[in-house]
Amino acid sequence: MSAMNEWKLRETMCEIGRRIYNKGFAAANDGNISYRLSEDRVLCTPTRVSKGFMKPDDLCIIDMDGGQVSGKRKRSSEMLLHLAALKARPDLRSCVHCHPPHATAFAVAREPVPKCVLPEIEVFLGEIAISPYETPGGQAFADTILPYVKDTETILLANHGTLTLGVDLEDAYFKTEIIDAYCRILILAKQLGRVNYYGDDKAAELIKLKPGLGIPDPRLTRGLENCDLCGNSLFREGYGSFSPEPKVFIHPKLLNESTPSGETSACGCSTGAAHAPAAKASSNGNGHSGGPDVDALVRSITDQVMSALNGSAK
Ligand SMILES: [Zn+2]
């Protein structure tokens, strides 16, 4: 890589840092960004520097084991997480980790991000995983994402924040922006009292659009025929013991209800999918609009998030 290209990447990383900070996705010195320069070199953000105020020569270069190669400041302690992701996904070059409030609220609640609400989410993000909690900084923390990162580029880190991956810096950052905007809309719609969903058949239509847009999706190779596309099917089974169940955002088909338009019953495929959350959700008496305590909780979280955002709005 030429020195000029590397300088441009450094400038872009600083620009992405400003966007993360100005959006309120990283308080104080939170958050970190990485970009794979070559097989064994990664450009990354330093520790204890606000992402809103970085200069190109503040950035560090490390090797794939996290050893510092250059830079006057020490690399971020969360780089092991980035390196685990980059090693698992040789097709991608960049990672963004931060604590965007709305997506992090889902990570704190350990509420799976629901499917079949906004079509763009299906196309641009696909299924979103929640990885189990671990103390940040070490290899055990980095390894929490390994089961999921093969199949998704958007991961909520339980009780922590988000990790998004992309082919370049902006692609990785945009996924952070998209997931936080989506989670914000979900919380707002929940406050209005109603979240409507489309059905598996419509989800299948969206997933089939992805190859034409150059966006791969593991469900296309595994087959869309089980028809459980609205139920976070990909990460429900076979991903270890950590599988958060939806408590607040539950697709009506999992409650054996139909949407007012009847969209969910229009699925013509055979269904052999596990509907584990259905039994659980109905047995604990939660309607799909959530119990009163859940509503109160979401409302108070939203109020806090909104006031924090208003305080830091630029
Ligand atoms: Zn963090």
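### Considering the overall build of the protein chain
Across its full length, the protein chain carries 11 helices and 8 strands. Burial statistics for the protein chain: of 314 residues in total, 39% are counted as buried. Sequence separation of at least 24 residues holds for 69% of the intrachain contacts in the protein chain that already meet a minimum separation of 6.

### A look at the packing of helix H1 (residues 3-22) against helix H7 (residues 169-192)
Any two packed helices are characterised by the angle at which their axes cross and by the distance between the axes. Orientation of H1 relative to H7, taken along the N-to-C sense of each, is 10 degrees, at an axis distance of 10 Å. With respect to H7, the element H1 is oriented roughly parallel. Across from Thr12, Met13, Ile16 and Arg19 in H1, the residues of H7 making contact are Leu169, Glu170 and Tyr173.

### Things to note about H7
Because each turn of an α-helix spans 3.6 residues, side chains separated by three or four positions end up pointing in the same direction. Compared with an ideal rise of 1.5 Å per residue, which puts 24 residues at 34 Å, H7 spans 35 Å between its outermost C-alpha atoms and is within 8% of the ideal. Considered for burial, the residues of H7 that qualify are Leu169, Ala172, Tyr173, Lys175, Thr176, Ile179, Asp180, Tyr182, Cys183, Leu186 and Ile187. Just beyond H7, the residue with positive phi is Gly193, at close to 110 degrees.

### A word on the sheet that holds strand E6 (residues 129-131)
With mixed pairing, the 8 strands of this open sheet are ordered in space as E4-E3-E2-E1-E5-E8-E7-E6. Only two strands of the sheet have a single partner each, and these edge strands are strand E4 (68-70) and E6. Ignoring which end each strand starts from, the neighbouring axes of this sheet average 25 degrees apart. As defined by bridge partners, strand E1 (residues 32-38) adjoins strand E2 (residues 41-44) across 4 bridges and the pair is classed as antiparallel. Bridge pairing in E2 links Ser34 to Cys44. Across the sheet, helix H2 (residues 79-88) lies against E1, E2, strand E3 (60-62), strand E5 (94-98) and strand E8 (161-166), angled at about 45 degrees from E1, the strand it touches most.

### Brief notes about the packing of helix H3 (residues 101-109) against H7
Running from amino to carboxyl end, H3 crosses H7 at an angle of 70 degrees, the nearest separation of the two axes being 7 Å. It follows from the interaxial angle that H3 and H7 lie roughly perpendicular. Contacts between H3 and H7 involve His102, Ala103, Ala105 and Phe106 on the former and, on the latter, Ile179, Asp180, Cys183, Arg184 and Ile187.

### Observations regarding the environment of Glu205
Counting through the fold element by element, Glu205 comes out in helix H8 (residues 200-209). Sequence separation between Glu205 and Glu122 is 83 residues, and the spatial gap between their C-alpha atoms is 10.0 Å.

### A few points about the confidence of the model for the protein chain
Confidence in the prediction of the protein chain, expressed as mean pLDDT, is 85, and 79% of residues score 70 or more. Ignoring residues within four places in sequence, the model shows residues 258-291, a span with pLDDT below 50, making 57 contacts including any to other chains.

### Points about the environment of Gly31
Residue placement: Gly31 occurs in the loop between H1 and E1. Note: C-alpha distance between Gly31 and Ser50 (19 residues apart in sequence) is 8.4 Å. Not counting chain neighbours up to four residues away, the residues in contact with Gly31 comprise Ile20, Phe25, Ala26, Lys51, His97, Cys98 and His99.

### Observations regarding the pairing of E8
Most of E8 is tucked away, with 6 of its 6 residues classed as buried. Bridge count between E5 and E8: 5 bridges; the pairing is antiparallel. When the bridges of E8 are listed, Cys95 appears paired with Leu165. Both strand E7 (residues 154-157) and E8 contribute to a ladder of 4 bridges, which runs antiparallel. Paired with Ile155 across the two strands is Leu163, which belongs to E8. In this antiparallel pair of consecutive strands, E7 and E8, the connection spans 3 residues, and Asn159 shows a positive phi of 55 degrees.

### Some points on unusual backbone geometry
Its identity is not glycine, yet Cys116 carries a phi of approximately 65 degrees, on the positive side. Judged by the 24 C-beta atoms lying within 10 Å of it, Cys116 is buried. You will see that Asn159, though not glycine, has its phi angle at about 55 degrees, which is positive. Note that Asn159 resides in the loop between E7 and E8.

### Concerning the environment of Asn29
Here Asn29 shows up in the loop between H1 and E1. Sequence spacing of Asn29 and Ser50 is 21 residues, and the spatial spacing of their C-alpha atoms is 4.1 Å.

### Observations regarding the nonpolar core
Buried together is how nonpolar side chains tend to be arranged in soluble globular proteins. Grouped together as the largest cluster of nonpolar side chains are 61 residues, with contacts concentrated most on Met13, Ala85, Leu156 and Cys183. If one sorts the elements of this core by residue count, H7 sits on top with 8 residues. Mapped onto the domain boundaries, this core takes at least three residues apiece from domain 1 (3-192) and domain 2 (200-309). In this structure, Leu156 is in contact with Ala103, Phe106, Ala107, Val113, Ile128, Ile130 and Thr162, ignoring residues within four places of it in sequence. Counting residues in hydrophobic clusters, the runner-up holds 6 residues, among them Cys116, Tyr198, Leu229 and Cys230.

Each value, and the rule that gives it
Residues numbered from 1 in each chain as written. Predicted model: local features only at pLDDT ≥ 70, side-chain atom pairs only at ≥ 80, totals over all residues. Helix = DSSP H or I, 4+ residues; strand = E, 2+ residues; numbered from the N terminus. Buried ≥ 20, exposed ≤ 12 C-beta atoms within 10 Å, placed from the backbone. Contact = placed C-beta atoms within 7 Å. Axes fitted to C-alpha atoms, helices over the stretch in contact; angles between N-to-C directions. Parallel < 35°, antiparallel > 145°, perpendicular 65-115°, else oblique. Expected span 1.5 Å × (residues − 1). Pairing = 2+ DSSP bridges. pLDDT = per-residue confidence, 0-100. Core = buried A, V, L, I, M, F, W, Y, C linked by C-beta atoms within 7 Å. Domains from an automatic or database assignment.

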